[in-house]
Amino acid sequence: MERKFLKRGMNFNIILVGESGMGKTTLVNTIFAGHLVDSQGRRTVQGPQRKTTEIVPTTQVIEENNVTLRLTVVDTPGFGDQTNNEGCWVPVIKYIKDQHAAYLERELKPQRERSINDTRVHACLYFLNPGSKGLRPIDIEVLKRLTEVVNVIPVLAKADSTTVEERAAFKKRIKEELAMQRIQAYPYPSEEDDEEDIALNNKIKELSPFAVVGSENVFNENGAPVRGRRHAWGIINVDNPEHCDFVHLRNFMLRTHLYDLIEVTAQRHYESFRTQQLRQIKEMRAAQAQNATQMAQQQQQIQPGATLFKQQA
Amino acid sequence: MLVGVSGLGRRTFVNTLCEREVIPPPVAEDPEMAHMVEPMKFNKYETQMIEDGTNIFLTTVDTPGYGDGIDNYSCFTQLQEYIESQFDEVLLEESRIRRNSKYKDNRVHVLLYFLTPTGHGLRELDIEAIKRLGHFVNIILLIGRADTFTTDEIALFKLQVMKDVMTYELPIYNFGWDDESDPETLEENQEIQAIVPFSIVGCDEVVDGDYGSIRVRRYPWGTVEIDNDDMSDFGLLRYILLNSHISDFIDYTNNVLYEEYRTQKLNENKDDESEEEKEEDDEE
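Predicted, not measured: the structure shown is a model, and the values here were computed from it. Each chain has its residues counted from 1, following the order in which its sequence is written. Chain letters and ligand numbers both follow the written order, the letters beginning at A and the numbers at 1. Thresholds applied to this predicted model are a pLDDT of at least 70 for local features of residues and 80 or more for the giving and counting of side-chain atom pairs; totals over whole chains, interfaces and linings are not thresholded and use all residues. By convention in this description, side-chain values take in all heavy atoms of the structure and omit both hydrogens and water.

1. Quick notes on the overall build of chain A
Of the regular secondary structure elements, chain A holds eight helices and nine strands. When checking whether two residues touch, look at their non-hydrogen atoms; a contact exists if any pair is within 4.5 Å. Sequence separation of at least 24 residues holds for 72% of the intrachain contacts in chain A that already meet a minimum separation of 6. Only the protein chains shown count as cover for residues, and the accessible areas themselves come from Shrake-Rupley with a 1.4 Å probe. Accessible surface, chain A as shown: approximately 16900 Å² in total, 49% of it carbon and sulfur. Under this rule, positive means Lys or Arg and negative means Asp or Glu; His and the chain ends count for nothing. Here the site of a charge means atom NZ of a Lys, CZ of an Arg, CG of an Asp or CD of a Glu. If the 41 positive side-chain charges of chain A are averaged to one point and the 39 negative ones to another, these points end up 6 Å apart. Runs of H or I in DSSP of at least four residues are treated as helices and runs of E of at least two as strands, each being numbered from the N terminus.

In structure tokens, the structure reads:
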């Protein structure tokens, strides 16, 4: 079964949410070890100052772990960049829901395709601000809504300026606030989990949010090539777990939990969307049926009168 | 005055500048309150220091809450009102018949604006703020948490920022404003202007170095020395603020910015008065 899966390849769709300059594009290019996407940020004066959140998907086929992945990365330039960011999350939520809707439509067709092209978003990397002491009001607003429709993985990118102690304090604080606000990030506990799964998930929860550094540059350190960032005071090695959590994030997303991310999207988020939609359709039909009956009843009341009239004439 | 979104190191900067804890660490709020938007505050801190033989009474106004909400439009208005009200107080005091010899001048001489190290130039919030405030106060641009950037990235970011400043004609403090100064000073000022925005890294930790105690931030991959000019512009900015240019900032505020404000205000009053007179004439 797995071999067919591997041969056919599968869709893996992720969405990046965070203000510009948080390191979204670089992180994605680092995770997939290649220049997959271009930064949508304003790199020159002539670059666009976006007034709303835009949705920019890029699709590529890549080989990961002997699996063919049709990878779609959805960037959201403009998110959180304005002075007034009220509602900046609306286009993002709409995009995610639209993918569920498209899948549902194809699923409901009497004649279905052999395999539906899955554009549903499997993971959302939410980029937190490295300076903040914890969640900001906008983070809470957006995370509440995002966690209802997609698997959310909070990430702290550009971790160059956080010391080890500061990171630990930040992670602790974020977890407290998420719990307080009843926001559930991925991974979710499941009854099907065995001991190994539980241990793995706990380890991930411990690390969350992942404090990472991204880089497409390679340096020579003691004769070995190192992916990193060269500062005047030292080189940060992206792949060194003592420098940042990048290796853990990458393993988590692309090795241990890749299938799970796809499955949970289908079983949890899609199903809840589907239930809501079908319920709405049912209610609409019931309301329409009621209207029809009422109209028919009204017609019947008029009719006897008309016959009487005719008789008199 | 310190302006910048939270997390850019305003508090640490002042404490590092004065070499003591001027602004205490913020009280950790309840995690329950994270979703509450905190209104912007104006917190005043006073400290005294001796710099190169001169006694400086430093008043720092911190503005926590700036840009931290979802809708940040009111932040500019509040800042502008605060700065203008200091001017208004002086205007009032000047026009008194009996003036207070002990009057304390609260005009803001420098506004240190902390930029977020995004790598994408100025943000809409920054552009709007500087546009509005630059005519009332000397604005100096700083890059907070500059240890996020590599050396190349800092150079690129500085270029992006200054290009934005030119394109949007942003009124930041121009170090070369005094054409009457001697050529040596002029050249020095031009060099300083080329360093703007100043890349800042601040810190609380002191360790023993080769030549005595040094202030550092320690990472697994290396140690940032705050006072090392190759690693941060902090030392240079400190010298400019408290030593070489301190009188320039005060001069420019009092003799140029305030005077422009005063002229504008008095003209407005005159227009109002002459309109009132005209109305009275018409009525007659």
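Past the structure itself, the notes keep going.
2. Concerning the packing of helix H1 (residues 10-18) of chain B against helix H6 (residues 234-244) of chain B
In helix packing, the relevant descriptors are the interaxial angle and the interaxial distance, both defined with respect to the helix axes. Residues and elements named next belong to chain B. Orientation of H1 relative to H6, taken along the N-to-C sense of each, is 70 degrees, at an axis distance of 11 Å. With respect to each other, H1 and H6 are oriented roughly perpendicular. Of the residues in H6, those touching H1 at Phe13, Thr16 and Leu17 are Phe234, Leu237, Arg238, Leu241 and Leu242. The residue inventory of the contact of H1 with H6, partitioned by class, reads six nonpolar, one polar and one charged. Whenever a helix is involved, its axis is fitted only over the stretch in contact; in every case the axis is a line through C-alpha atoms, and angles between N-to-C directions fall within 0 to 180 degrees. Throughout, the term roughly parallel applies to angles under 35 degrees, roughly antiparallel to angles over 145, roughly perpendicular to angles from 65 to 115, and oblique to all others. For this classification, Asp, Glu, Lys and Arg are treated as charged, while Ala, Val, Leu, Ile, Met, Phe, Trp, Tyr, Cys and Pro are nonpolar and the rest, including Gly, are polar.

3. As for the confidence of the model for chain A
Think of pLDDT as the predictor's per-residue confidence, scored from 0 to 100. In the predicted model, chain A carries a mean pLDDT of 87, and the fraction of residues at 70 or more is 92%. Considering each helix and strand of chain A separately, the mean pLDDT is smallest for helix H1 (residues 2-8) of chain A, with a value of 59, and largest for strand S4 (residues 123-127) of chain A, with 96.

4. Observations regarding the sheet that holds strand S3 (residues 67-75) of chain A
Whenever strands of a sheet pair, they do so through backbone hydrogen bonds, lying parallel or antiparallel. All names here are of chain A. Two strands form a pair only when DSSP identifies at least two bridges running between them. A sheet is described by the order of its strands in space; here six strands give the open sequence S2-S3-S1-S4-S5-S6, paired in mixed fashion. Looking at strand neighbours, the two that pair on one side only are strand S2 (56-64) and strand S6 (210-211), the edges of this open sheet. Judged from the nine bridges that link them, S2 and S3 form a sheet pairing that is antiparallel. By the bridge assignment, glutamate 63 is partnered in S3 with threonine 68.

5. Observations regarding the environment of Thr150(B)
Relative to the assigned elements, Thr150(B) resides in the loop between strand S5 (139-143) and helix H4 (151-167). Sequence-distant contacts of Thr150(B), defined by excluding residues within four places in its chain, comprise Arg229(A), Arg230(A) and His231(A).

6. Here's the deal with the nonpolar core
In this description, a nonpolar core means a group of buried Ala, Val, Leu, Ile, Met, Phe, Trp, Tyr and Cys residues linked to one another through side-chain atoms lying within 4.5 Å. The cut-offs for exposure are 20% and 50% of the maximum accessible area for each residue type, with area from a 1.4 Å probe on protein chains only; residues under the lower value are buried, those over the upper are exposed, and the others partly exposed. Leu146(A), Ile153(A) and Phe13(B) are the most contacted members of the largest nonpolar core, which has 149 residues in total. The element best represented in this core is helix H2 (residues 73-94) of chain B, accounting for eight residues. What Ile153(A) contacts, discounting residues up to four positions off in sequence, is Ala123(A), Cys124(A), Leu125(A), Tyr126(A), Tyr186(A), Phe210(A), Leu249(A), Phe252(A), Met253(A) and Leu261(A). One finds Tyr103(A), Leu104(A), Ile116(A) and Tyr270(A) within the second-largest nonpolar core, a separate group that totals five residues.

7. Overview of the environment of Asp52(B)
All names here are of chain B. Note that aspartate 52 resides in the loop between strand S2 (43-51) and strand S3 (54-62). Residue aspartate 52 is classed as exposed on the basis of its relative accessible area of 64%. With 40 residues separating them in the primary sequence, aspartate 52 and leucine 92 have C-alpha atoms 34 Å apart.

8. Description of the interface of chain B and chain A
At the junction of the two partners, chain B supplies 51 residues and chain A supplies 51 residues. Both faces combined, the contact of chain B with chain A buries some 4200 Å², and carbon together with sulfur accounts for 53% of it. Two parts lose some accessible area (1.4 Å probe) when they are put together, and adding that loss for both gives the buried area. Looking at the side of chain B facing chain A, the largest losses of area belong to Ile70(B), His120(B) and Trp221(B), adding up to 22% of the total buried there. For this document, the term salt bridge refers to a Lys or Arg side-chain nitrogen within 4 Å of an Asp or Glu carboxyl oxygen. Seen at the junction of chain B and chain A, the total is four salt bridges. Ionic pairing is found between Asp81(A) and Arg123(B), a salt bridge with its closest N-O pair at 3.8 Å.

9. Some remarks on the packing of helix H2 (residues 24-31) of chain A against helix H7 (residues 246-256) of chain A
Residue and element names in this part refer to chain A. At a minimum axis separation of 11 Å, H2 and H7 run at an interaxial angle of 70 degrees. In terms of orientation, H2 lies roughly perpendicular with respect to H7. The crossing of H2 and H7 is right-handed. Contacts from Leu27, Thr30 and Ile31 of H2 reach H7 at Phe246, Leu249, Arg250, Met253 and Leu254. Partitioning the contact of H2 with H7 into residue classes produces six nonpolar, one polar and one charged. By convention the crossing between two helices is left-handed if the near helix lies anticlockwise of the far one by an angle smaller than a right angle, and right-handed if it lies clockwise.

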